[in-house]
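Chain by chain, the residues run as shown.
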Amino acid sequence: MVPGERGAALIDHLVYAVPDLAELGDLGIDLTEGGRHVGRGTRNLLANLGGGAYFEVIGPDRDQPEPGVPRPFGIDELTEPKLVTWAARVEDIDDVVERAKARGYDPGPVAAMSRKRADGVLLEWRHTPMVPSPLPFLVDWGTTPHPADSLPTGAELVSFRIQGDGLDAALKALDIDVAVEAGPPGLTATIRTPKGEVVIR
């Protein structure tokens, strides 16, 4: 699935978590500095994927004190980079969560988060728990500028595959109509760049 296909317009961003940003290496994707998540102990790098979606590389921010809670996406336990999950963009996140719960799936509590861009603009959003999963977490940007709007173009999400058993009911409860492949849980993204296509897992 790619942005613009049936069900795919809900892709907000893909999350590629790494144990150490300093040892990321060349993914073949031009990345822009995102910002620091103050108090969470992380920072990120971003790339525009077209269609209002973006690619996030997130890892520990060694310039921050160790956070009092585990870093999101299981970063503290990572031994190698991994496409750990994805975010589905929604409006009125509280209503979406309540409707999903009424259908038998609980996306989890809604929390607030923020970060400052390099130009000083504060981004604020609300989200459900950010955990490694082929199921998406939900994000509601409210009135804040969307990260993709300020990112250079050049990369394009060609395909995004979700794999795992027993995911259909949860996706249906979230009104997300995407195909799920059978097999061990996992995500695969193919991204076209000026340097060629890159496969991220």
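Residues numbered from 1 in each chain as written. Predicted model: local features only at pLDDT ≥ 70, side-chain atom pairs only at ≥ 80, totals over all residues. Heavy atoms only, no water.

A. Here's a closer look at the nonpolar core. In this structure, L14, Y16, F55, V57, L83, W86 and F160 are the most contacted members of the largest nonpolar core, which totals 41 residues. In this structure, F73, I75, V139 and W141 belong to the second largest nonpolar core, which totals 19 residues. (Core = buried A, V, L, I, M, F, W, Y, C linked by side-chain atoms within 4.5 Å. Buried < 20%, exposed > 50% of the residue type's maximum accessible area, 1.4 Å probe, protein only.)

B. Spatial organisation of the confidence of the model for the chain. In the predicted model, the chain carries a mean pLDDT of 91, and the fraction of residues at 70 or more is 96%. Residue range residues 3-9 is modelled with pLDDT below 50. Its contacts to residues more than four positions away, or to other chains, number 11 contacts. (pLDDT = per-residue confidence, 0-100. Contact = heavy atoms within 4.5 Å.)

C. Fine view of the packing of aromatic side chains. The final tally for this structure, using the stated rule, is four aromatic pairs. Ring geometry for F73 against F137: centres 5.7 Å apart, planes inclined by 50°, an arrangement best described as tilted. Of this pair, F73 sits in the loop between β4 (53-60) and β5 (82-89) while F137 sits in strand β8 (residues 137-140), and the two are 64 residues apart along the sequence. Note on accessibility: F73 and F137 belong to one class, buried. (Phe/Tyr/Trp six-rings, centres within 6.5 Å; stacked < 30°, edge-to-face > 60°. Helix = DSSP H or I, 4+ residues; strand = E, 2+ residues; numbered from the N terminus.)

D. A look at the side chain of T188. Inspection of the secondary structure assignment puts T188 in strand β10 (residues 186-193). The contact partners of T188, leaving out residues within four places of it in the chain, are L83, S159, F160, R161, V199, I200 and R201.

E. Representation of the layout of surface pockets. Taken as a whole, the largest pocket spans an internal volume of roughly 180 Å³. What lines the largest pocket is a set of 13 residues, among which K82, L83, V84, P132 and S133 lie closest to the centre. Residue assignment for the lining of the largest pocket shows that the elements contributing at least two residues are β5 and β10. It is β5 that provides the largest number of residues to the lining of the largest pocket, a total of three residues. In terms of residue class, the lining of the largest pocket is made up of eight nonpolar, three polar and two charged. (1 Å grid on protein atoms, 1.4 Å probe; cavity = no way out; pocket = protein on both sides within 12 Å on 5 of 7 lines; lining within 4 Å. Points joined across faces, edges and corners; volume = space filled by probe spheres on them. Nonpolar A, V, L, I, M, F, W, Y, C, P; charged D, E, K, R; others polar.)

F. Broad picture of unusual backbone geometry. Not every positive phi belongs to a glycine, and D92 is a case in point at roughly 55°. Relative accessible area serves as the criterion here: at 47%, D92 is assigned to the partly exposed category. Not every positive phi belongs to a glycine, and D175 is a case in point at roughly 65°. Among the secondary structure elements, D175 is positioned in the loop between α2 (168-173) and β10.

G. Up close: the pattern of salt bridges. Applying the stated rule across the entire model yields 16 salt bridges. Residues R36 and D61 are paired through a salt bridge, measuring 2.5 Å at the closest nitrogen-oxygen approach. On the criterion of sequence distance, the pair formed by R36 in strand β2 (residues 32-37) and D61 in the loop between β4 and β5 is long-range, its members being 25 residues apart. Three or more residues are tied together by salt bridges with common partners; here these are D95, R99, R103 and D175. (Salt bridge = Lys/Arg side-chain N within 4 Å of Asp/Glu carboxyl O.)

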